[in-house]
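A closer look at the structure
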Amino acid sequence: MKKTIASHNIGVLFWAQFFGTVSFLQPVITLFYMERGLDPGNIFIVMMFWSGAVLIGEVPTGVFADRFGPKVSFITGSTIKMLSIFILFFAKEPWVFFLYSALNGLSVTFFSGADEALVYESLKITGEQGAMDKAMGKIQSAGFISMIAAVLFGSYFAKDLQNHEFIILIALGLVFQFIELILLFFIRKPDVDIQYRENPFHQIGEGVQAIKKAPQLLVMFLNITLVFIPAGAVFSNFDQPFLTGAGLPVYMIGVIYSIAAFIAFAASRSIGWMTGKYSRIFLLNLTGAAAVGGLLLAVISGNNLLMALVSFFILRFVRAIRYPIYSQLSNDLIPSDVRATSISLLSILDSVFDLLIFGSFSIIAVYGLSKIFMACAVIACLGALLPIRRSRSTRSLSGVKIEK
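In this text the structure is predicted, and so the values were computed from the model without any measurement. (Residues numbered from 1 in each chain as written. Predicted model: local features only at pLDDT ≥ 70, side-chain atom pairs only at ≥ 80, totals over all residues. Heavy atoms only, no water.)

1. Looking at the overall build of the protein chain
Stated formally: Put simply, DSSP marks the helices as runs of H or I at least four residues long and the strands as runs of E at least two long, and each gets a number from the N terminus on. Relative accessible area decides the class of each residue, using a 1.4 Å probe on protein chains only: under 20% of the type maximum gives buried, over 50% gives exposed, and in between gives partly exposed. The contact criterion used is simple: two residues touch if any of their non-hydrogen atoms lie within 4.5 Å.
Of regular secondary structure, the protein chain possesses 16 helices and two strands. Counting all 404 residues of the protein chain, 57% fall into the buried class. A separation threshold of at least 6 residues defines the contact pool for the protein chain, and within that pool the share at least 24 residues apart is 84%.

Here it is in structure tokens:
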């Protein structure tokens, strides 16, 4: 089989994702926060610092990626991410956790948009841009593979929630982050004819115009983000106390996370098959409804462990499906020369909603998890109801025939 730049870059990103998403601390991260003195209100503030950093960093790093290329952007982001994880060794006061979260959020912005731009432009060289969702699903699946082993080890090793256990898990995570950094040096830049502007504000302006010319892109983005924030970001930060409160032992969290990771891996690898049988819009609507149902199930589950587990698995499955499909539809609408910048501009709006939702939830957190999950269900329902219009195929801003 001929080795293309797309297959090369997708392969590198797959393994970078594999090592970069290894977090032995992840299955007990919320419990780690609580053991270090944070309460639910503090945890929402930690999340707000992450989103605030994304809000501030998205456009500058998007321009940075468009001007200097994804390889430099990825390496910069990976280095900052390692620094943020290193801070956890010493994190005992809330402000240190806030600093960790801000740096970690900033690191993500160096990947946000640039990874999609790299994959899409690589695929365009051989006319395979229609396989964008399949490619992103493959890359995403790497994180699920690494999670299976990492969460099993992490939850078992830290079953007593002792400080020395947390320290060892943080150190092991840094080793894998370093491997990701090395792999990113092997990224190849697609040979596309893009003239980068000297004035970054002009580049931002063109990104804004690209979004204005495709209003369906903005509606689709709002649909995705208003479902993801409650069903992904909020729920995943509280699923550990949710599951343990329903009767699941700490050492079993890793087993449950691993099962969920395997399901998500299979779903990610099956996206090509799913979009071959069903329209992408139908799948987005179906998973949006499933997210609302999963959150409502979490509200009524109480101490019923079986219902809590069903809710957990539904929401993990939904997270695995929606992003790659959205990535295909959205990138078909964005021009090549401002792709990373445009995606970053949309992410700013995501960060604004993050801050509004996390800020509101930090106030209602004192009323317990059921109230938090009910609010999540309401927001996810509003997002899922935003219409993604169907129309006959047309040509996108980048000249690619698309399904809308």
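On we go from here.
2. Notes on the packing of aromatic side chains
Applicable threshold: Each Phe, Tyr or Trp ring, with Trp reduced to its six-membered ring, pairs with another whose centre is within 6.5 Å; inter-plane angles below 30 degrees give stacked pairs, above 60 give edge-to-face pairs, and intermediate values give tilted ones. Whether a charge sits over a ring depends on NZ of Lys or CZ of Arg being within 6 Å of the ring centre and within 35 degrees of the ring normal.
Tallied over the entire structure, the rule returns 28 aromatic pairs. With a centroid separation of 6.3 Å and 40° between ring planes, the pair formed by Phe-32 and Tyr-33 is classed as tilted. Taking 5.5 Å as the distance between ring centres and 65° as the angle between the ring planes, the aromatic pair formed by Phe-312 and Phe-313 counts as edge-to-face. Members of the aromatic cluster, joined through ring pairs, are Phe-14, Trp-15, Phe-18, Phe-19, Phe-24, Phe-153, Phe-157 and Phe-176. Here the guanidinium or amino end of Arg-316 rests over the ring plane of Tyr-257, the centre of that ring lying 4.7 Å away.

3. With respect to the pattern of salt bridges
Which entries qualify depends on this criterion: What counts as a salt bridge is simple: a side-chain nitrogen of Lys or Arg found within 4 Å of a carboxyl oxygen of Asp or Glu.
Applying the stated criterion to the full structure yields two salt bridges. The salt bridge involving Lys-81 is made with Glu-180; its shortest N-O contact spans 3.3 Å. Of this pair, Lys-81 sits in helix α4 (residues 70-87) while Glu-180 sits in helix α8 (residues 163-184); the two residues are 99 residues apart in sequence, bridging distant segments of the chain. Here Asp-239 makes a salt bridge to Arg-316, at a shortest N to O gap of 3.3 Å. Taken together, the residues Asp-239 in helix α10 (residues 215-245) and Arg-316 in helix α14 (residues 305-331) connect sequence positions 77 residues apart. Each member of the pair, Asp-239 as well as Arg-316, is classed as buried.

4. A short note on the packing of helix α6 (residues 114-125) against α14
Rule in force here: Helix axes are fitted only over the stretch in contact, all axes being lines through C-alpha atoms; the angle between N-to-C directions runs from 0 to 180 degrees. Relative orientations are named as follows: roughly parallel for angles under 35 degrees, roughly antiparallel for angles over 145 degrees, roughly perpendicular for angles from 65 to 115 degrees, and oblique for any other angle. The crossing is said to be left-handed when, going from far helix to near helix, the turn is anticlockwise and less than a right angle, and right-handed when the turn is clockwise.
Direction vectors running N to C along α6 and α14 enclose 65°, while the axes themselves pass 11 Å from each other. It follows from the interaxial angle that α6 and α14 lie roughly perpendicular. As α6 packs across α14, the resulting crossing turns out to be right-handed. Only Tyr-323, Ser-327, Gln-328, Ser-330 and Asn-331 of α14 make contact with α6, whose side of the interface consists of Asp-115, Glu-116 and Tyr-120.

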